[in-house]
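Below are the chains, spelled out letter by letter.
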Amino acid sequence: MHKAAVPLTALGLVIAVWIALSLPRSLPQANATSDHAATGDPGEIPGFRADAWQLPDDDLLGFVEIPAGRFLMGSDVVIDPMAFDIERWSSANAQGTLELPTFYIGRFEVTVAQIHAFVEATGYPLDEQVLSGEPRHPAAFISWPDAIAYSRWLDETLRNSPATPVSLSTLLEAGWRVTLPTEAEWEKGARGADGRIYPWGSEPRRDRASYEQRGTTPVGSHECPECPFGLYDMAGNVWEWTRSPYQPYPYDPTDDTEGLENEALWVMRGGSFADPERFVRAANRGGADPGARRAFIGFRIAISPS
Ligand SMILES: [Ca+2]
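(A) Local environment of the overall build of the chain. For the chain, the count of helices and strands is 6 helices and 12 strands. Counting all 306 residues of the chain, 49% fall into the buried class. Here the contacts in the chain between residues at least 6 apart in sequence split such that 76% fall between residues at least 24 apart.

Given below as structure tokens:
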């Protein structure tokens, strides 16, 4: 069953995001150089595999296992005074405990180089705003349908390629799929089980994330040894689409699969280079029109059992 309309408090953040979405579409990229061919092959990038769709060069092609178990979702304004009302779990409880099965999520945001591999394989129409980005930066100007299209292509590609690691093939053959994370999966990946405010702890840290900056940075630029699962840029750099429609809490997994044709906004998480620290907290929830293509919106992928 669907809940009632998004409450007024939620609309406040939605309006804030709408204002953000009305910013100029072409913000500059940090560290940009002019020697990159706009639509050419990105070639070899250290730490990534040109022979494997520019995915990260490790045993699971950049997918990180998030073990099954409970985590604390949402925010208590007594613990985190910067929390928005929409992060409150219910009138009775500020936070909720949610049990998730094992899933996998990308160590990094999806890069421009990975999008090139997708476009070259499929001819999917993406314009120069996406393709002219630096290869190791997060892909931006990505709409929700664009992110879904990439996920579906990678799902099919990994299923059918002999280059896919056996551990990933086994998951896919068992019915798992490459997709966007739900907002619950995303939040657990960002903050772990202990309810921390930022991926690294309770205080904002400029050495751990890219926020209040003029443009994106290459994925993985900010080491985060304190982060629970070793994921990079879960705070800042680009907002990340999820496969969850924007609904008031308490979070209900059935909202992610039922009645989606009626949804107007999709959840994105993590804040961006353009946002203040309040927006890059792990529990913050952004909502955007699925067709929005903006300089500060990208995504990361997951492999989910459901
Ligand atoms: Ca991010």
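(B) The environment of Cys 224, seen in detail. When you line up the elements, Cys 224 lands in the loop between α6 (183-191) and β8 (239-245). The class of Cys 224 is buried, set by 21 C-beta atoms lying within 10 Å. A sequence separation of 15 residues divides Cys 224 from Ala 209, and the C-alpha atoms of the two residues are 8.4 Å apart. What Cys 224 contacts, discounting residues up to four positions off in sequence, is Pro 199, Trp 200, Arg 208 and Tyr 232.

(C) Region of the structure containing the nonpolar core. Core analysis: the largest hydrophobic core is formed by 76 residues, its most contacted members being Ala 140, Trp 241, Trp 266, Phe 296 and Ile 297. Apart from residues no more than four positions distant in its own chain, Phe 296 is found in contact with Ala 140, Val 238, Trp 239, Ser 272, Phe 273 and Ala 274.

(D) View of the pairing of strand β9 (residues 266-269). Where burial is concerned, the two faces of β9 agree: the one with Trp 266 and Met 268 and the one with Val 267 and Arg 269 are both buried. Of the strand pairs in this sheet, β8 and β9 are connected by 3 bridges, and their pairing is antiparallel. When the bridges of β9 are listed, Pro 245 appears paired with Trp 266. Note: β9 against strand β10 (residues 286-288), 3 bridges, orientation antiparallel. Bridge assignment links Val 267 to a residue of β10, and that residue is Gly 287.

(E) Up close: the environment of Gly 133. Turning to its location among the elements, Gly 133 is positioned in the loop between α3 (128-131) and α4 (144-160). With 26 C-beta atoms counted inside 10 Å, the residue Gly 133 sits in the buried group. A C-alpha to C-alpha distance of 9.8 Å links Gly 133 and Thr 216, two positions 83 residues apart in sequence.

(F) Structural view of α4. Across its 17 residues, α4 extends 25 Å between first and last C-alpha, which sits within 8% of the 24 Å expected from 1.5 Å per residue. Buried within α4 are the following residues: Trp 144, Asp 146, Ala 147, Tyr 150, Ser 151, Leu 154 and Leu 158. One side of α4 carries all its buried residues, which in axial view fall inside an arc of 160°. In α4, those exposed residues whose orientation departs by more than 90 degrees from the buried face are Pro 145 and Asn 160. Those residues of α4 that are buried lie in contact with α2 (112-122), α5 (166-173), β7 (177-179), β8, β9 and β11 (297-299).

(G) Seen up close, the sheet that holds β10. Taken in spatial order, the 4 strands make up an open sheet running β10-β9-β8-β11, and their pairing is mixed. Each edge of the open sheet carries a strand with a single partner, namely β10 and β11. Strand-to-strand twist of the sheet, defined as the mean angle between neighbouring strand axes without regard to direction, takes the value 50°. Here β8 runs beside β11; their pairing, made up of 3 bridges, is parallel. Paired with Trp 239 across the two strands is Ile 297, which belongs to β11.

(H) Molecular detail of the confidence of the model for the chain. Per-residue confidence for the chain gives a mean pLDDT of 90; residues scoring 70 or more make up 87%. Between residues 1-12, whose pLDDT stays under 50, and residues either more than four places distant or in other chains, the model counts 12 contacts.

(I) Looking closely at the sheet that holds strand β3 (residues 63-66). In spatial order, the strands read β3-β6-β12-β7; together these 4 strands make up an open sheet with antiparallel pairing. Bordering the open sheet on either side are β3 and β7, each of which pairs with just one other strand. Along the sheet, successive strands turn relative to each other by an average axial angle of 30°, direction set aside. One ladder, built from 4 bridges, connects β3 with strand β6 (residues 103-106); its direction is antiparallel. Paired with Glu 65 across the strands is Tyr 104, a residue of β6. The sheet contacts of α6 involve β3, β6 and β12 (302-304), and relative to β6 the element is tilted by about 70°.

(J) Structural context of unusual backbone geometry. Of note, the amide linkage connecting Tyr 249 to Pro 250 takes the cis form, showing an omega dihedral of 5°. With respect to the helices and strands, the residue Pro 250 is situated in the loop between β8 and β9. Unusually for a residue other than glycine, Glu 212 sits at a positive phi of about 50°. Of note, Glu 212 is situated in the loop between α6 and β8.

What counts and what doesn't
- Per chain, residue numbering runs from 1 following the sequence as it is written.
- Reporting in this predicted model follows two pLDDT cut-offs: at least 70 for local features of residues, and 80 or more for side-chain atom pairs to be given and counted; totals over whole chains, interfaces and linings ignore these cut-offs and use all residues.
- Labels follow the DSSP assignment, with helices taken as runs of H or I lasting at least four residues and strands as runs of E lasting at least two, numbered in each case from the N terminus.
- Exposed residues have 12 or fewer other C-beta atoms within 10 Å of their own C-beta, buried residues have 20 or more, and partly exposed residues fall in between, where C-beta atoms are placed from the backbone.
- Once C-beta atoms are placed from the backbone, any two residues with those atoms within 7 Å are in contact.
- Note on terminology: a nonpolar core is a set of buried residues of type Ala, Val, Leu, Ile, Met, Phe, Trp, Tyr or Cys, with members joined through C-beta atoms within 7 Å.
- The pairing criterion for strands is at least two bridges between them, as found by DSSP.
- Between the first and last residue of a helix there are one fewer steps than residues, each counted as 1.5 Å, and that sum is the expected span.
- Directions from the helix axis toward the C-beta atoms define the arc.
- Only the stretch in contact is used when fitting a helix axis, every axis being a line fitted to C-alpha atoms; angles between N-to-C directions are given from 0 to 180 degrees.
- A residue's pLDDT is the confidence the predictor assigns to it, expressed on a 0 to 100 scale.

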